[in-house]
Amino acid sequence: MNSSTSSTAAPARGGIAVVVALALVYVVWGSTYLGIRLALEGGYPPLLMAGGRFIVAGTLMYAVLRWRGYAAPTRAQWKNLAFMAVALLLFGNGFVCVAEQTVSSGLAAVAVASMPLWMGLFGAMRGQHPTRAEWAGIVIGFLGVVWLNSGSALTASPKGLIMLLIAPIAWAYGSVWSRGRDLPSPFMSAAAQMVCGGVIMLLVGAAIGERFSQWPTVQGTLAVGYLALFGSIVAFSAYVWLLHNVRPAVAGSYAYINPVIAVALGAWIAHESFSAHDLGAMAMILLGVVVITLAKAKRA
């Protein structure tokens, strides 16, 4: 999972730039689940790894933005950003990292794919009532979540199961909570969230006893570098650009493309295997997300 922000999208704009930006968001964000697994296998503790990744990426992004003249967040904005960092990065991304110690990267991606369903529910609680089609998508998706969590490989890891239930709920809540809040520009919000989230994750990781039991491998270190540079900076920048240049439904299509990419990469590179039960649940979850996305596009 990656830092989130909102923006008003302009009319759709075609061209090779849109194709490249979508490819980056689809492939890079889809590959971050495998990157997390490789980093963990390379000797990095989950929260210390994620915290370090976000501090490096956020600090670099923050410095470049300040150099280019972007205003620094105000004290009130820092408070909002810190809360979002806890919800999205610590509980969202951090719990995915912890879960991937015992759960395959593909299954983690499938579980996180339920995030738009929770966003629909939290939005309804705030008075943003879904249409009938959106409710249909929410119901279909939640049936898929129940299917995935009853009898799949997730049940072999109670800790991973709990983490992957909490992660998308926290990410969705933080995303919905952020709407209408006093926040800086989208890129500055992302950079500051990553700095806050990184510091919080390092503190929590140290507090619960995470330690480096061995020197990280070269492969693990390269995976962390990939997550920081491509997952946190390149792909997110492409996503923000898409928000300004294409319809929201197109920019948000990563939600049902990323799990497919993650499952494919997990099977191809990490030799992860998936049962018919897992694939069936994934198909139902993604169907629910697609129905919600199309319904929102139609209403817009």
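Residues numbered from 1 in each chain as written. Predicted model: local features only at pLDDT ≥ 70, side-chain atom pairs only at ≥ 80, totals over all residues. Heavy atoms only, no water.

Asks: In this structure, what is going on with the overall build of the chain? I would like to understand it.
Replies: Broken down by element type, the chain carries 12 helices and 0 strands. If you list the helices and strands of the chain from N to C, you get α-α-α-α-α-α-α-α-α-α-α-α. Radius of gyration (C-alpha) of the chain: 18 Å, near the 19 Å computed for a compact globule of 300 residues. Reported as C-alpha extents along the three principal axes, the dimensions of the chain are approximately 55 × 50 × 40 Å. Every one of the 300 residues in the chain was classed for burial, and the buried ones make up 53%. Within the chain, contacts between residues separated by at least 24 positions form 91% of all contacts whose residues are at least 6 apart in sequence. For the chain, the computed accessible surface area is about 13,100 Å², with 70% contributed by carbon and sulfur atoms. Looking at charge distribution, the chain has the averaged site of its 17 positive side-chain charges lying 15 Å from that of its 7 negative ones. (Helix = DSSP H or I, 4+ residues; strand = E, 2+ residues; numbered from the N terminus. Rg over C-alpha atoms; globule rule 2.2 N^0.38 Å. Buried < 20%, exposed > 50% of the residue type's maximum accessible area, 1.4 Å probe, protein only. Contact = heavy atoms within 4.5 Å. Areas by Shrake-Rupley, 256 points an atom, 1.4 Å probe, with all protein chains shown as cover. Lys, Arg positive; Asp, Glu negative; His and termini not counted. Charge placed at Lys NZ, Arg CZ, Asp CG, Glu CD.)

Asks: Looking at this structure, I do not really get the nonpolar core. What am I missing?
Replies: Across soluble globular proteins, you tend to see nonpolar side chains buried next to one another. The biggest cluster of nonpolar side chains holds 81 residues, and the ones touching the most others in it are Met49, Val96, Tyr239 and Leu242. It is helix H9 (residues 218–245) that provides the largest number of residues to this core, a total of 12 residues. Setting aside its immediate chain neighbours within four residues, leucine 242 contacts Val18, Ala21, Leu22, Val25 and Ala251. (Core = buried A, V, L, I, M, F, W, Y, C linked by side-chain atoms within 4.5 Å.)

Asks: Is there a simple way to think about the packing of aromatic side chains in this case?
Replies: Pairs of aromatic rings are described using the distance from one ring centre to the other and the angle between the two planes. Tallied over the entire structure, the rule returns 12 aromatic pairs. Judged by centre distance (5.6 Å) and plane angle (80°), the ring pair of tyrosine 44 and phenylalanine 212 falls under edge-to-face. A residue pair is termed long-range when its members are at least 10 positions apart, and tyrosine 44 in the loop between helix H1 (16–41) and helix H2 (46–67) and phenylalanine 212 in the loop between helix H8 (186–207) and H9 qualify at 168 residues. The exposure class of tyrosine 44 is buried, given its relative accessible area of 15%. When its relative accessible area of 43% is taken as the criterion, phenylalanine 212 is described as partly exposed. Ring pairing ties together the aromatic residues Trp29, Phe236, Tyr239 and Tyr254, which thus form one cluster. (Phe/Tyr/Trp six-rings, centres within 6.5 Å; stacked < 30°, edge-to-face > 60°.)

Asks: Explain unusual backbone geometry to me, please; I cannot follow it from the model alone.
Replies: If a residue is not glycine, its phi is most likely negative; likewise, a peptide bond is most likely trans. Of note, the phi angle at histidine 271 is positive, near 55°, even though the residue is not glycine. Within the element layout of this structure, histidine 271 appears in the loop between helix H11 (254–269) and helix H12 (276–299).

Asks: Mind showing me how you'd approach the packing of H11 against H12 here?
Replies: Two measures define how a pair of helices packs: the angle their axes make with one another and the distance between the axes. At a minimum axis distance of 9 Å, the contact between H11 and H12 shows a crossing angle of 155°. One way to sum up the angle between H11 and H12 is to call them roughly antiparallel. For the pair H11 and H12, the crossing hand works out as left-handed. Contacts between H11 and H12 pair Ala255, Tyr256, Pro259, Val260 and Val263 from the former with Met282, Leu286, Val289, Val290 and Thr293 from the latter. Of the residues in the contact of H11 with H12, the class split is 9 nonpolar, 1 polar and no charged. (Axes fitted to C-alpha atoms, helices over the stretch in contact; angles between N-to-C directions. Parallel < 35°, antiparallel > 145°, perpendicular 65-115°, else oblique. Left-handed = near helix turned anticlockwise from the far one by under 90°. Nonpolar A, V, L, I, M, F, W, Y, C, P; charged D, E, K, R; others polar.)

Asks: In this structure, what is going on with a nonpolar patch on the surface? I would like to understand it.
Replies: Where nonpolar side chains cluster on the molecular surface, the patch consists of Phe91, Ile162, Leu165 and Ile166 and spans about 310 Å² of accessible area. When residues in the nonpolar patch are grouped by element, the largest group, 3 residues, is from helix H7 (residues 158–178). Along the chain, the position of phenylalanine 91 falls in helix H3 (residues 75–99). (Patch = residues over 30% accessible without salt bridge, like charges linked within 9 Å, V, L, I, M, F, W, Y side chains within 5 Å. Salt bridge = Lys/Arg side-chain N within 4 Å of Asp/Glu carboxyl O.)

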